[in-house]
Amino acid sequence: MFVPAHEPALESDCRRLEKFLEDKPHILVLTGAGISTESGIPDYRSEGVGLYARSNHKPIQHGDFVKSEATRKRYWARNYVGWPRFSSIAPNVTHYTLARLEREGRISGIVTQNVDRLHGKAGSKEVVELHGSGYDVICVGNQNERGKGCDYRIDRHEFQHILDQLNPAMEDNSTMMRPDGDVELSMEYVQGFKIPPCPQCGGNLKPEIVFFGDNVPMPRIEKVVRMIIQSDGVLVLGSSLTVFSGYRIVLQAKELGLPVAIVNIGATRGDPKADLKISARCGEIMSNLFKPNR
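About the criteria used
Residues numbered from 1 in each chain as written. Predicted model: local features only at pLDDT ≥ 70, side-chain atom pairs only at ≥ 80, totals over all residues. Heavy atoms only, no water. UniProt positions renumbered as here; feature names shortened; annotations may be inferred. Buried < 20%, exposed > 50% of the residue type's maximum accessible area, 1.4 Å probe, protein only. Helix = DSSP H or I, 4+ residues; strand = E, 2+ residues; numbered from the N terminus. Pairing = 2+ DSSP bridges. Lys, Arg positive; Asp, Glu negative; His and termini not counted. Salt bridge = Lys/Arg side-chain N within 4 Å of Asp/Glu carboxyl O. Contact = heavy atoms within 4.5 Å. Axes fitted to C-alpha atoms, helices over the stretch in contact; angles between N-to-C directions. Parallel < 35°, antiparallel > 145°, perpendicular 65-115°, else oblique. Left-handed = near helix turned anticlockwise from the far one by under 90°. Nonpolar A, V, L, I, M, F, W, Y, C, P; charged D, E, K, R; others polar.

Taking an unreviewed UniProt entry as the reference, the chain is identified by name as NAD-dependent protein deacylase belonging to Anopheles epiroticus. Note on the chain: under the UniProt heading Function (unreviewed entry), the record states "NAD-dependent protein deacylase. Catalyzes the NAD-dependent hydrolysis of acyl groups from lysine residues." The UniProt entry for the chain carries the following text under Subcellular location (unreviewed entry): "Mitochondrion matrix".

Shown next as C-alpha cells:
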C-alpha cells in the first residue's frame, strides 16, 4: 500500500542494469526509503502514498526533540507503540538480492538512508547506516559543541522492556505508521507516558537516528567518502535523493569520474547526473538480476 503507482519493469531494463554492473565488482549501493516501502514501511515523499501525501504531519526536528520535553514524550509514546510492528518487519527481495550480490562479489558495500536495519536482517555485511538506526538508543545529554558527551547506549529491544515497566497501561490505539517507526496517537495516550532518564548522567535519551535538522556524524561521512573512492561506480536504489546527504554521494562519484545508475519510481534529484536511469519498482528489477538459471 506504500508503493506509488508505477509501470511494470521491462526485461530490457534488467539487462541494461546487468550490463552496467557486470564489469564493476566494486559497486557502492545507496538505498533509500523506496526499497523498504515494499516491506510495508511508508516513506515521506512518494506521490499519493507517502506521509506528506497522506497527512499534514511533518517529521520530527532534532532541535525540537532536544529542547522540548513535550516533543520527546510525544515521540517516545508513538515510537513505543509502533516498535513491535516496526521491528518485526521483514526484508524484501531487494534486500535479499543485495545480500546475494555482496556474497557473489558483485558489490562492495551499501550505504543506506533507511533506519530499519533490513539490510542486516537480510544478511548484508558491509552496511553504513547514513542516518543511523532505530535499533539503538543513545544519550544526548551534556553534549559539547562537537557533539561529544555521555556515551550511554542501549539496545532498542531492551529499552522497550523498560518502557513496558514504566507504562503498563499503554495500549496500541494507533492509526498510521510513520517512516521512522513511530505511529499516530491521540494526545490522551501521550500525556501520561513516562520516559526514563539516562542512568549514567540523567540526560535525555533518543534513538540513534539523524533527525531532520541534525547532521550526519563526521566519522560516518568520512567512511562513506572512502567507500566512494574505493568503488568503481554507484547504484542508487529507491531514493529521490532529495536529502543532500544522499545526493552528495552522487555528486562525489561524478567528481571522481565514476558512473552512476539510478533505479527509482519517478524522477530523482540525481537524474541529470545519471549514466543510467530506470523508472521502475526496485523489487521487480533486482529480483531478475544475474539469475543463475538464466
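Now that the structure has been shown, the text picks up again.
Novice: Looking at this structure, how should I read the pairing of strand 6 (residues 205-209)?
Specialist: Put simply, side chains in a regular strand alternate between the two faces of the sheet. Counting buried positions over the five residues of strand 6 gives five, a clear majority of the element. In this structure, strand 4 (residues 132-139) lies alongside strand 6, joined through five bridges in antiparallel fashion. Bridge pairing in strand 6 links Gly132 to Ile209.

Novice: Which parts of the structure should I look at to understand the UniProt feature "binding site: Zn(2+)" (unreviewed entry) in the chain?
Specialist: On the UniProt side, "binding site: Zn(2+)" (unreviewed entry) is annotated at positions that read Cys139, Cys150, Cys198 and Cys201 here. A compact arrangement is adopted by the annotated residues: their sequence extent is 63 residues, whereas the largest C-alpha distance between any two is 8.9 Å. Secondary-structure assignment places Cys139 in strand 4. For Cys139, a relative accessible area of 3% puts it in the buried group. For Cys198, the position within the fold is in the loop between helix 9 (187-191) and strand 6. Taking relative accessible area as the criterion, Cys198 reaches 4% and is therefore assigned buried.

Novice: Can you walk me through the side chain of Arg156 in this structure?
Specialist: Checked against the element boundaries, Arg156 lands in helix 8 (residues 156-166). At 7.7 Å, Asp155 is the nearest oppositely charged side chain to Arg156, a buried residue that forms no salt bridge. If we skip the residues at most four places from it in the chain, Arg156 touches Trp76, Asn79, Tyr80, Trp83, Gly134, Tyr135, Asp136, Val137 and Leu163.

Novice: Would you take a moment to explain the pairing of strand 2 (residues 107-112) for this structure?
Specialist: Extensive coverage of strand 2 is indicated by the burial of five of its six residues. Relative to strand 2, strand 1 (residues 27-31) runs parallel, the two being bridged by five bridges. Paired with Ile27 across the two strands is Ile107, which belongs to strand 2.

Novice: Looking at this model, I keep getting lost on the packing of helix 10 (residues 218-229) against helix 11 (residues 244-255). Mind explaining?
Specialist: Packed helix pairs are characterised by how far apart their axes lie and by the angle those axes make with each other. Remark: helix 10 packs on helix 11, axes separated minimally by 10 Å, with the N-to-C direction vectors making an angle of 40°. Here helix 11 runs oblique to helix 10, going by the angle between their axes. The hand of the helix 10/helix 11 crossing is right-handed. Residues Ile221, Val224, Val225 and Ile228 of helix 10 form the contact with helix 11, whose participating residues are Arg248, Ile249, Gln252 and Ala253. The residue inventory of the contact of helix 10 with helix 11, partitioned by class, reads six nonpolar, one polar and one charged.

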